[in-house]
Amino acid sequence: MGLLESGAVNSALKALKTASTIVIAAHIDPDGDALGSSLGLALILRGLGKEVTVYNRDAVPYSYKFLPGAELVGNRLPPACDLLCLLDCSEFARAGDELAAWSGSKCSLCIDHHLTADLAADINLVCADACATGELIYELAVILAPDFGLDIAVNLYTAILTDTGSFRYSNATPSAFAVAGDLVRRGVKPWDITQQVYESQPVERIKLTALVLKTLRIAASKRAAAVWVTEAMFKATGTDGEYTDGLINYPRSIAGVEVAFMAREIGPDDYKFSFRSRGKVNVAALAAAFGGGGHHNAAGCRLQGKLEDLIEKIFALVDKQTEKLESDD
Ligand SMILES: [Mn+2]
């Protein structure tokens, strides 16, 4: 499929084959790709007789507890290992301070699909054409364990499903569909996974959604929309930050809205903002204007002040950026 044509593949395969003790780590606040890739790779390597530790600073969110092997995810690092695999990110700091400070591994291998200039591992299998890290793990699985079974397939399918937004985003490439097709052929039931990931929400999440949607604000230009969530809302519904995942997609889904954002209260007059773009506006630039950063379609920053004022400030900047886009057209 061409994804793994880089010279790093051979080094990666050699490192995976020769190591007998392996730690697999992924970024903090793990998503479906971070967890599906970690567990998929862990099960492949266990099948090869390796001693594998799956590390994440954070606990497995409720929607991914069904993943085969989810109970393997822990936040303890062993004293030493032959190989550290860093998945779905390329900087050790993205996996948390503890991992960044850890020096127990003899060798490190990064497997990632994000474009980055900072490649910190000894071996870097980074491919921006892959729809998800799970797609790269699949390519390795086909070589390391060609007859891999359903447990591994479910993890890799979930990684690809979630990172492509259920095959809706621009990274839903022909090879994303081809890999998913092979995983279905191996026994994955798409509707079962969909139900586990998207249709098994705790009722508390729906109650929180109702409160968050009531906060909806739309810029006068109708090109930006905002919602926010406060500690009081978490308290009233028995939820926390873990339950806000995906809520930002509601304001983004409004016709005409190019940029959506969600503010999360982290203290009095202190907010964390997440931005999402429909594609035209680079929200990394928007976040950078407020001291933050991120990617073209997803970025964030932290701001202090009265929430209504902060929202108006951001609306004004989005209007400026979208006006510029229109004059460029
Ligand atoms: Mn990913």
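The structure displayed is predicted, hence computed values, not measured ones. (Residues numbered from 1 in each chain as written. Predicted model: local features only at pLDDT ≥ 70, side-chain atom pairs only at ≥ 80, totals over all residues. Heavy atoms only, no water.)

**Description of the sheet that holds strand β3 (residues 73-74)**
Reasoning step 1: Taken together, the 6 strands give an open sheet; going across it, the order is β3-β2-β1-β4-β5-β6, and neighbouring strands pair in parallel fashion. If you trace the sheet from one side to the other, it starts and ends with β3 and β6 (123-126), each paired once.
Reasoning step 2: Relative to β6, strand β5 (residues 105-112) is paired through 4 bridges, and the arrangement is parallel. Along β6, the bridge assignment pairs L109 with I123.
Reasoning step 3: Each of β1 (21-26), β4 (81-87), β5 and β6 touches helix α1 (residues 8-18); the most contacted strand, β6, lies at about 120 degrees to it.
Reasoning step 4: Taken strand by strand, helix α2 (residues 32-47) contacts β1, β2 (51-55), β3, β4 and β5, and its axis lies near 170 degrees from that of β1. (Pairing = 2+ DSSP bridges. Helix = DSSP H or I, 4+ residues; strand = E, 2+ residues; numbered from the N terminus. Contact = heavy atoms within 4.5 Å. Axes fitted to C-alpha atoms, helices over the stretch in contact; angles between N-to-C directions.)

**Regarding the sheet that holds strand β10 (residues 270-277)**
Reasoning step 1: Taken in spatial order, the 6 strands make up an open sheet running β7-β8-β9-β10-β12-β11, and their pairing is mixed. Bordering the open sheet on either side are β7 (217-218) and β11 (293-294), each of which pairs with just one other strand.
Reasoning step 2: Note: β10 against strand β12 (residues 298-304), 7 bridges, orientation antiparallel. When the bridges of β12 are listed, K272 appears paired with R302.

**Some details on the coordination of the manganese ion**
Six octahedral donors around a metal ideally make angles of 90 or 180 degrees; four tetrahedral donors ideally make 109.5 degrees.
Reasoning step 1: Here the manganese ion is held by the protein donor atoms D33 (OD), D88 (OD), H113 (NE2) and D163 (OD), which lie 2.1 to 2.3 Å from it.
Reasoning step 2: Along the chain, the residues that donate to the manganese ion are spaced as D-x54-D-x24-H-x49-D. Residue D88 is located in the loop between β4 and α3 (97-101), and its partner H113 is located in the loop between β5 and β6; the two are separated by 25 residues in the primary sequence.
Reasoning step 3: A relative accessible area of 2% places D88 in the buried class. (Donors = N, O, S within 2.8 Å, 3.2 Å for Na, K, Ca; no water. Buried < 20%, exposed > 50% of the residue type's maximum accessible area, 1.4 Å probe, protein only.)

**Points about the packing of aromatic side chains**
Reasoning step 1: Tallied over the entire structure, the rule returns 9 aromatic pairs.
Reasoning step 2: Between Y62 and Y243, the ring centres sit 5.3 Å apart and the planes meet at 35 degrees, which makes this aromatic pair tilted. With Y62 in the loop between β2 and β3 and Y243 in the loop between α9 (231-237) and α10 (249-252), this pair connects stretches of sequence that are 181 residues apart.
Reasoning step 3: Arranged with centres 6.4 Å apart and planes meeting at 15 degrees, the rings of F273 and F275 form a pair that is stacked.
Reasoning step 4: Judged by relative accessible area, F275 falls into the buried class, the value being 0%. (Phe/Tyr/Trp six-rings, centres within 6.5 Å; stacked < 30°, edge-to-face > 60°.)

**Focus on the nonpolar core**
Reasoning step 1: With 60 residues, the main nonpolar core has I24, C85, L109, I111, F148 and L183 as its most contacted residues.
Reasoning step 2: Tallying contributions element by element places α2 first for this core, with 8 residues.
Reasoning step 3: Among the nonpolar cores identified, the runner-up in size contains 35 residues, and A224, A226, F273 and A299 belong to it. (Core = buried A, V, L, I, M, F, W, Y, C linked by side-chain atoms within 4.5 Å.)

**Some thoughts on the pattern of salt bridges**
Reasoning step 1: If you walk through the whole model with that rule in mind, you get 8 salt bridges.
Reasoning step 2: The partner of D58 in a salt bridge is R57, with the nearest N and O atoms 3.0 Å apart.
Reasoning step 3: Accessibility expressed as a relative area gives 19% for D58, which makes it buried.
Reasoning step 4: For R57, a relative accessible area of 38% puts it in the partly exposed group.
Reasoning step 5: In this structure, R185 and D182 form a salt bridge, with 2.5 Å as the shortest nitrogen-oxygen distance. With R185 and D182 both in helix α6 (residues 174-185) and 3 residues apart, the pair spans about one turn of that helix. (Salt bridge = Lys/Arg side-chain N within 4 Å of Asp/Glu carboxyl O.)

**Observations regarding the side chain of D112**
Reasoning step 1: By secondary structure assignment, the location of D112 is in strand β5.
Reasoning step 2: With no salt bridge to any partner, buried D112 finds its closest opposite charge in R94, at an N-O distance of 8.2 Å.
Reasoning step 3: A distance of 3.4 Å separates a polar side-chain atom of D112 from the backbone nitrogen of C89.
Reasoning step 4: Those residues within four positions of D112 in sequence are excluded, and the remaining contacts are D88, C89, S90, L125, V126, C127, T133 and L136. (Lys, Arg positive; Asp, Glu negative; His and termini not counted. Polar contact = N/O pair within 3.5 Å; in protein donor to acceptor, adjacent residues only side chain to side chain.)

**Observations concerning the domain arrangement of the protein chain**
Reasoning step 1: On domain assignment, one finds that the protein chain holds domain 1 (8-198) and domain 2 (204-328).
Reasoning step 2: For domain 1 versus domain 2, the distance between C-alpha centres works out to 29 Å. (Domains from an automatic or database assignment.)

**Comments concerning the packing of α1 against helix α4 (residues 133-144)**
Reasoning step 1: Packing of α1 against α4 brings their axes to within 12 Å, and their N-to-C directions diverge by 60 degrees. It follows that α1 is oblique to α4 by the angle criterion. Relative to α4, α1 is oriented so that their crossing is right-handed. Taking contact as the criterion, the partners of L13, L16 and K17 in α1 are, on α4, L140, I143 and L144. (Parallel < 35°, antiparallel > 145°, perpendicular 65-115°, else oblique. Left-handed = near helix turned anticlockwise from the far one by under 90°.)

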